[in-house]
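Topology and contacts: notes
Letter by letter, the chains look like this.
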Amino acid sequence: MFPGWSAMSKVMPLGQAVRENLKDGDAVAFEGFTHLIPHAAGHEVIRQGFKDLTLIRMTPDVIYDQMIGMGMAKKVIFSYAGNPGVGLLRRMRDAIENGYPRTIETVEHSHAAMANAYEAGAAGLPCAVFRGYKGADLPKVNPSIKSVTCPFTGEVLAAVPAHRPDVTFIHAQKANERGDVLIEGIVGVQKEAALAAKRVVVTVEEIVPDFEGLHPNLTVLPHWTVTAIAVVKGGAHPSYTHGYYDRDNAAYLEWDKVSADRELFAAWMKDNVLDATPEAFAERIKGL
Amino acid sequence: MTNFTPTEMMTIAASRALTSKDVCFVGIGAPSAACNVARLTHAPDITLIYESGTIGTAPDVLPLSIGDGELCETAVTTVSVPEMFRYWLQGGRISIGFLGAAQIDKFGNINTTVIGDYDAPKVRLPGGGGAPEIATSCGEIYITLKQATRSMVEKIDFFTSFGHGDGGDHREKLGITTKGPTLLITDLAIWKPDPVTKEFTVISLHPGVTREMVQETCGWTVKFADNLEETPAPTELELTTLRDLQERTRRAHEGGKAA
């Protein structure tokens, strides 16, 4: 009944981890709040050419800009469609404003709603209840934002459906040989996104024999909550991995130019994603 | 007198509004610069919180994103994003939310979602992120932006974050118990809401700025306070602190991959 109960069998190449866990039409979350964004997994998903995905993520960021630009998304559930610190997501905008390369459905929330929806998913609840959206226009354009009245105080609170992704992809510092996963630094919403999902695929910088001597609270996911683990050194680039390498800010700035032009984007994706392998990420973090 | 730019005046005037007692939820961009200048000058004990979960952070350079590693390394503690929004923001532990804006109206309502119609937008902006709940859960809201007729408009296209709505007691009517926007700092002036109508009123002009300059760059008819003041020019310390911070930031972000 638990995903990936057999520990040793869950460490595998990234290609296999993606192939065995994702299918066309799935609802999928790639999480990592600026830190630990699973870009290598995203690129592998693009190489394998999935279709009609529902992409869930608080900040769609460069990772979804690439998938949307490749025409893989039918729907995006999100709360901040920006390139953090740089500006707009130009492929996502092209899809919303011009239907290129295909139209996408958008379901827009606030960060608080998205975080609460993941937490509700992890907690096995059908919906999240919180104090939010007061006076805001999003409930007028997103029919999944509703309200409930507190049975004790009468306060009207916002309610949104829980996130229950088919698959959640995350990147982490390390796993041990048993498959327990450790994350430190800005931990974001990955634990909730993983526990809300039916299947969990984790890329890690390295696998160590055990976590002896490390801080006892650093393990966020025990091995029996994880479906597959793939070692991809540099797998968060151009995001960063606390304790391993810094954010490649120049790459985020470059993306603003690459994504501004459809042909430039297509050429960049061919060179850096379609014709590349997960091993390329180790090169990309050199000097960071 | 020292030379300074309108943007520098805006950032420094915004920094002066903060004190060591404040617990401040910091938006990226101009708010982040203002909050850190405050911390490096007159408000060393201010608690700065970024929505990535970093509480009590003291970065040496301004973060490019709200989740830069340095925010975590210098923070008192770093919590998960659900905890950030539930216990700390919704829990009422944050006194000031400091926001920027793409579009704002005279009642401090903010649009960062779309220009034009939501379903067929002329320009799709990033959206709200944390702002819709920051605007209603923080004790009060400070807003900073550069004046322009396309950003200070009579009617915003989308209510991303609620300010004072149609003015008056609109917040109370919606059951919102926090104060909402209490301060607007632009590159030309300092504005505060009228105590009754809640319409933003200019209370202080920055040095060298005229009423006409404020009106020409604002899309609604501007109200000025009877006892209009002049914002004190930046001090040498304030200006040096801001410029050093920006220079350190520029050098750090140029970094990226060693070429």
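Rules used throughout
- Within each chain, residue numbers correspond to sequence positions counted from 1 in written order.
- Chain letters start at A and ligand numbers start at 1, both assigned in the order the entries are written.
- With the structure being a predicted model, the display of local features is reserved for residues of pLDDT at least 70 and the display and counting of side-chain atom pairs for 80 or more, all residues being used for whole-chain, interface and lining totals.
- The side-chain values count all of the structure's non-hydrogen atoms but skip hydrogen atoms and water molecules.
- By the criteria applied, helices consist of DSSP H or I runs no shorter than four residues and strands consist of E runs no shorter than two, each listed in order from the N terminus.
- We compute the radius of gyration from the C-alpha atoms alone; for a globule the expected value is 2.2 Å times N to the 0.38, where N is the number of residues.
- Three exposure classes are used, based on accessible area relative to the maximum for each residue type with a 1.4 Å probe and protein chains only: buried under 20%, partly exposed in between, and exposed over 50%.
- By definition, residues are in contact when any of their heavy atoms lie within 4.5 Å.
- Under the convention used here, a 1.4 Å probe and the Shrake-Rupley method define accessible areas, while residue burial counts only the protein chains that appear.
- The pairing criterion is simple: DSSP has to find at least two bridges between the two strands.
- With the strands aimed away from the viewer, a crossover counts as right-handed if its path from the first strand over the helix to the second runs clockwise.
- Every axis corresponds to a line fitted to the C-alpha atoms, with the helix fit spanning only the stretch in contact, and the corresponding angles, defined between N-to-C directions, vary from 0 to 180 degrees.
- Confidence per residue, as judged by the predictor, is encoded in pLDDT with a range of 0 to 100.
- Any Lys or Arg side-chain nitrogen found within 4 Å of a carboxyl oxygen on Asp or Glu counts as a salt bridge.
- Each polar contact in these results corresponds to two N or O atoms within 3.5 Å; when the atoms are within protein, one needs to be able to donate a hydrogen and the other to accept it, and residues that are neighboring in sequence are counted only if both atoms are side-chain atoms.
- Gly falls in the polar group here, along with every residue not listed as nonpolar (Ala, Val, Leu, Ile, Met, Phe, Trp, Tyr, Cys, Pro) or charged (Asp, Glu, Lys, Arg).
- Every helix has an expected span of 1.5 Å times one less than the residues it contains.

A look at the overall build of chain B
Counting its regular elements, chain B contains 8 helices and 14 strands. The C-alpha radius of gyration of chain B comes to 18 Å, within 12% of the 18 Å expected for a compact globule of 259 residues. Counting only residues that meet the buried cut, chain B has 58% of its 259 residues in that class. Counting contacts in chain B only where the partners sit at least 6 residues apart, residues at least 24 apart contribute 64% of the total. Summed over all atoms, the accessible surface of chain B reaches about 10,400 Å², with 52% contributed by carbon and sulfur.

Focus on the pairing of strand β1 (residues 23-26) of chain B
Residues and elements named next belong to chain B. Here β1 pairs with strand β2 (residues 47-50) via 3 bridges, running parallel. Considered in β2, the bridge of C24 is made with L48. Regarding the hand of the β-α-β motif, the stretch spanning β1, helix α2 (residues 30-40) and β2 is right-handed.

What to know about the sheet that holds strand β5 (residues 96-99) of chain B
Whenever strands of a sheet pair, they do so through backbone hydrogen bonds, lying parallel or antiparallel. Residue and element names in this part refer to chain B. Reading across the sheet, the 10 strands line up as β4-β3-β2-β1-β5-β10-β11-β12-β13-β14 and stay open at both edges, with mixed pairing between neighbours. Two strands close off the open sheet at either side, each with one partner strand: β4 (77-78) and β14 (223-230). Direction of pairing for strand β13 (residues 200-205) relative to β14: parallel, over a ladder of 4 bridges. The residue of β14 that forms the bridge with S204 is E229. Contacts between α2 and the sheet are confined to β1, β2, β5 and β10 (140-145), with β2 contributing the most and set at about 155° to the helix.

Quick word on the environment of L245 of chain B
All names here are of chain B. Within the secondary structure, L245 is located in helix α8 (residues 236-255). Between the alpha carbons of L245 and A233 there is a distance of 19 Å; along the sequence they are 12 residues apart. When residues no more than four places from it in sequence are discounted, the contact partners of L245 are A33, N36, V37, L40, D60, V61 and L62.

Concerning the confidence of the model for chain B
Detail in the predicted coordinates should be disregarded across regions flagged by low pLDDT. Here chain B averages 94 in pLDDT, while 97% of its residues score no lower than 70. Our summary of model confidence lists the complex with pTM equal to 0.95 and ipTM equal to 0.94.

Some points on the interface of chain B and chain A
Contacts between the two partners involve 45 residues from chain B and, on the opposite side, 52 residues from chain A. Counting across the interface, chain B meets chain A through 2 salt bridges. With a shortest N-O distance of 2.8 Å, R124 of chain B and E108 of chain A are connected by a salt bridge. Connecting chain B to chain A are 16 residue pairs in polar contact (both at pLDDT 80 or more). Where the side of chain B that touches chain A is concerned, the elements lending two or more residues are α3 (69-73), α4 (81-90), β9 (121-124) and α5 (131-137) of chain B. Per element, the largest residue contribution to the side of chain B that touches chain A is 5 residues, and it comes from α4 of chain B. Taken together, the residues that form the side of chain B that touches chain A break down as 19 nonpolar, 18 polar and 8 charged.

Structural notes on the pattern of salt bridges
All names here are of chain A. Counted under the stated rule, the structure contains 27 salt bridges over all chains. Between D26 and R199 there is a salt bridge, with its nearest N and O atoms 3.3 Å apart. Taken together, the residues span a long stretch of sequence, with D26 in the loop between α1 (14-21) and β1 (27-30) and R199 in strand β12 (residues 199-208) at a distance of 173 residues. Here D26 falls in the buried class, since its relative accessible area comes to 3%. A salt bridge links R57 to E31; the shortest N-O distance between them is 3.6 Å. Of this pair, R57 sits in the loop between β2 (53-56) and α3 (61-69) while E31 sits in the loop between β1 and α2 (39-48); the two residues are 26 residues apart in sequence, bridging distant segments of the chain. Since its relative accessible area comes to 0%, R57 is described here as buried. Taking relative accessible area as the criterion, E31 reaches 1% and is therefore assigned buried. Taken together, the shared-partner salt bridges connect K23, D26 and R199 into one network.

Considering the sheet that holds strand β7 (residues 127-130) of chain A
All names here are of chain A. One open sheet holds the 3 strands; their spatial order is β7-β9-β8, and the pairing between them is antiparallel. At either end of the open sheet lies a strand with only one pairing partner, and these are β7 and β8 (146-149). Adjacent strand axes in the sheet meet at a mean angle of 40° when their direction is disregarded. Pairing analysis gives 4 bridges linking β7 to strand β9 (residues 156-161), with the strands arranged antiparallel. Note on β9: the bridge partner recorded for A128 is V160. Each of β7 and β9 is contacted by helix α5 (residues 111-122), which is oriented at about 135° to β7, the strand it contacts most.

Digging into α5 of chain A
Residues and elements named next belong to chain A. A rise of 1.5 Å per residue sets the reference length of α5, with its 12 residues, at 16 Å; its end C-alpha atoms lie 17 Å apart and thus fit the reference within 8%. Counting buried residues in α5 gives 10 out of 12 residues, a clear majority hidden from the surface. Along α5, the positions that sit buried rather than exposed are H111, A112, A113, M114, A115, N116, A117, Y118, A120 and G121. Trailing α5 by a residue or two, G124 shows a phi angle of about 75°, which is positive.

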